[in-house]
Amino acid sequence: MSQVAEVQQAGELSQASDSVIPTVVAPSSAGALFQLLRDGRPRTRADLAAATGFARSTIAARVEELLGIGLIAPTGPSSSTGGRPPATFAFNPETRSVLAVDVGVTHARVAVTDLNGRILVQHEQELDITSGPENVLDAVAETAEGLLASVGREIGELLGAGVGVPGPVEFDTGRPTSPPIMPGWDGFDIPGYLRQRFPVPILVDNDVNVMALGEHAAVHPDVANMMFVKVATGVGSGLISGGLLQRGAQGAAGDLGHIAVPDGDASLCRCGNVGCLEAAASGPAIARKLRDQGFDQLGHAELLDLVAEGEPKALQAVRHAGRQIGSVLAGCVNLLNPSVIVIGGSMALAGDQLLAGIREKVYSRSLPLATQHLRIVGSSTRGRAGVLGASALVTQQMLAAERINALVS
Ligand SMILES: [Zn+2]
């Protein structure tokens, strides 16, 4: 290869969207020390010196810096063995707020949280994603301003805003990329538009990634390898591997819905292929199969009602959809070896039958080693995974060591 070609290729590589530029953070910096304090446990300066091995004078200087930006606060004296008890400090999650927005196809949920993802106030409203980005984002922004006012928080106190939308997103720019069910949103600068009213960092990702982050942060923080599967109008997943959300090269990782179902039928999918999981096992697909069996006028809500009433044909259809999802997930389990799979989305409200079908196929089709400690569970965030994840998206990024160091310098 010529030298010019080599240089060109290196340039292309460095511009690839999944390139990783490692950031060096001094272990004795305020940002690094803060990561230790994020668990919320009160510690003395001596505790911090013992935990890090750094000199007391270094620790004292870093504690002052973190007190100065309000991220830690005094928590009172520790119990001590005589003399003046030493002061303790802990993470102060109340110091700033996060705006968390979960935009769906027919509704949005907006919340204000503290820096631990605790929801201070939230509101759910109906909207139509097809009415376009300006209409949807204006409605969401108006709700957000009202919620902030209701808890006495200023826009200037926001650490940032996180937004989940129901389509693929280029994470670095926050722009949707060819979202199939969001006409008018392709390439729209969501952060730029929202910054006119909220001049803070704004992070946007697709809804399933955001839900995965939310379920992980709120329910499974110690699980390093987790899949969140959303079964609703579509079927998709968010992958957490090695403790980190995996977006893939183009932000398309986890798109389960267009994997072909083994032994599936030849239903035409909206993507143009036949036999996709989404065309077989999503909420609309299940409803369509029941309509074919004589259940007229059956929409999503009526389907959930039929399941709740225990209509055998509905239970059978949901269970069968569970098996189809499970047979695709079995391959994912072999590939990724998660220890927890969480099933969420509106079809998860159909409960036991869907989970039972999924478990049946995953446990019978995956390798024994991969399923040895695997748990397949329903979502336990009751519809709040999206806003919890939007909040986590912001705190994970904005409370990282290098960001804190930039704040204190
Ligand atoms: Zn498809």
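Provided above is the structure to which this section pertains.
This one's a predicted model, so the numbers in the text were calculated from it and none came from an experiment.

### Some points on the coordination of the zinc ion
Looking at the metal site, the zinc ion is ligated by His-258 (ND1), Cys-269 (SG), Cys-271 (SG) and Cys-276 (SG), spaced 2.0 to 2.3 Å from it. Here the zinc ion is ringed by four donor atoms whose angles at the metal span 102 to 123 degrees, and the overall shape comes out tetrahedral. Written as a sequence motif, the donor arrangement for the zinc ion is H-x10-C-x1-C-x4-C. Highlighted residues: His-258 in the loop between strand S13 (244-246) and helix H8 (277-281) and Cys-269 in the loop between S13 and H8, separated in sequence by eleven residues. Judged by its relative accessible area of 6%, Cys-269 falls in the buried class.

### Here's the deal with the sheet that holds strand S2 (residues 72-77)
Spatially, the three strands line up as an open sheet ordered S1-S3-S2, and their pairing is antiparallel. Each end of this open sheet is capped by a strand with a single partner; those strands are strand S1 (43-44) and S2. Direction of pairing for S1 relative to strand S3 (residues 87-91): antiparallel, over a ladder of two bridges. Its bridge partner lying in S3, Thr-44 is registered against Thr-88. Lying over the sheet, helix H2 (residues 30-37) contacts S1, S2 and S3, oriented at roughly 90 degrees with respect to S3.

### Focus on the pairing of strand S12 (residues 235-241)
Along S12, six of the seven residues are buried, which leaves the element largely enclosed by surrounding structure. Inspection of the sheet shows strand S11 (residues 226-231) paired to S12 by six bridges, in the antiparallel sense. Its bridge partner being in S12, Lys-230 is matched across the sheet by Gly-236. With antiparallel pairing between neighbouring strands as the criterion, S11 and S12 make up a hairpin whose turn holds three residues. Examined bridge by bridge, S12 and S13 share three bridges and lie antiparallel to one another. Its bridge partner being in S13, Leu-239 is matched across the sheet by Gln-246.

### As for the sheet that holds strand S4 (residues 97-103)
Think of a sheet as strands paired side by side through backbone hydrogen bonds, with each pair either parallel or antiparallel. Here five strands make up an open sheet; going across it, the order is S6-S5-S4-S7-S10 and the pairing mixed. Whereas interior strands pair on both sides, the edge strands pair on one side only; in this sheet they are strand S6 (119-126) and strand S10 (202-206). In this sheet, adjacent strand axes meet at a mean angle of 15 degrees when their direction is disregarded. In terms of strand pairing, strand S7 (residues 158-165) meets S10 through five bridges, oriented parallel. The residue bridging Val-165 from the neighbouring strand is Asn-206, located in S10. Running over the sheet, helix H7 (residues 207-219) touches S7 and S10 and is turned about 105 degrees from S10. Its contacts with the sheet place helix H14 (residues 385-398) against S4, strand S5 (107-113), S6, S7 and S10, and it is angled at close to 135 degrees to S4.

### Considering helix H10 (residues 300-309)
Within H10 the residues assigned to the buried category are Leu-303, Leu-304, Leu-306 and Val-307. Across the axial projection of H10, the buried residues extend over an arc of 155 degrees, all falling on one side. Opposite the buried face of H10, at more than 90 degrees from it, the exposed residues are Ala-308 and Glu-309. Two residues or fewer after H10 comes Gly-310, characterised by a positive phi angle close to 80 degrees.

### Describing the pattern of salt bridges
Scanning all chains against the criterion turns up 15 salt bridges. In this structure, the salt-bridge partner of Arg-45 is Glu-64, at a minimum N-O distance of 3.7 Å. Residue Arg-45 is found in helix H3 (residues 45-52), and its partner Glu-64 is found in helix H4 (residues 56-68); the two are separated by 19 residues along the sequence. With relative accessibility at 27%, the residue Arg-45 sits in the partly exposed group.

Criteria and cut-off values
Residues numbered from 1 in each chain as written. Predicted model: local features only at pLDDT ≥ 70, side-chain atom pairs only at ≥ 80, totals over all residues. Heavy atoms only, no water. Donors = N, O, S within 2.8 Å, 3.2 Å for Na, K, Ca; no water. Tetrahedral: all angles 85-135°; square planar, octahedral: opposite > 155°, others 65-115°. Helix = DSSP H or I, 4+ residues; strand = E, 2+ residues; numbered from the N terminus. Buried < 20%, exposed > 50% of the residue type's maximum accessible area, 1.4 Å probe, protein only. Pairing = 2+ DSSP bridges. Contact = heavy atoms within 4.5 Å. Axes fitted to C-alpha atoms, helices over the stretch in contact; angles between N-to-C directions. Arc of directions from axis to C-beta. Salt bridge = Lys/Arg side-chain N within 4 Å of Asp/Glu carboxyl O.

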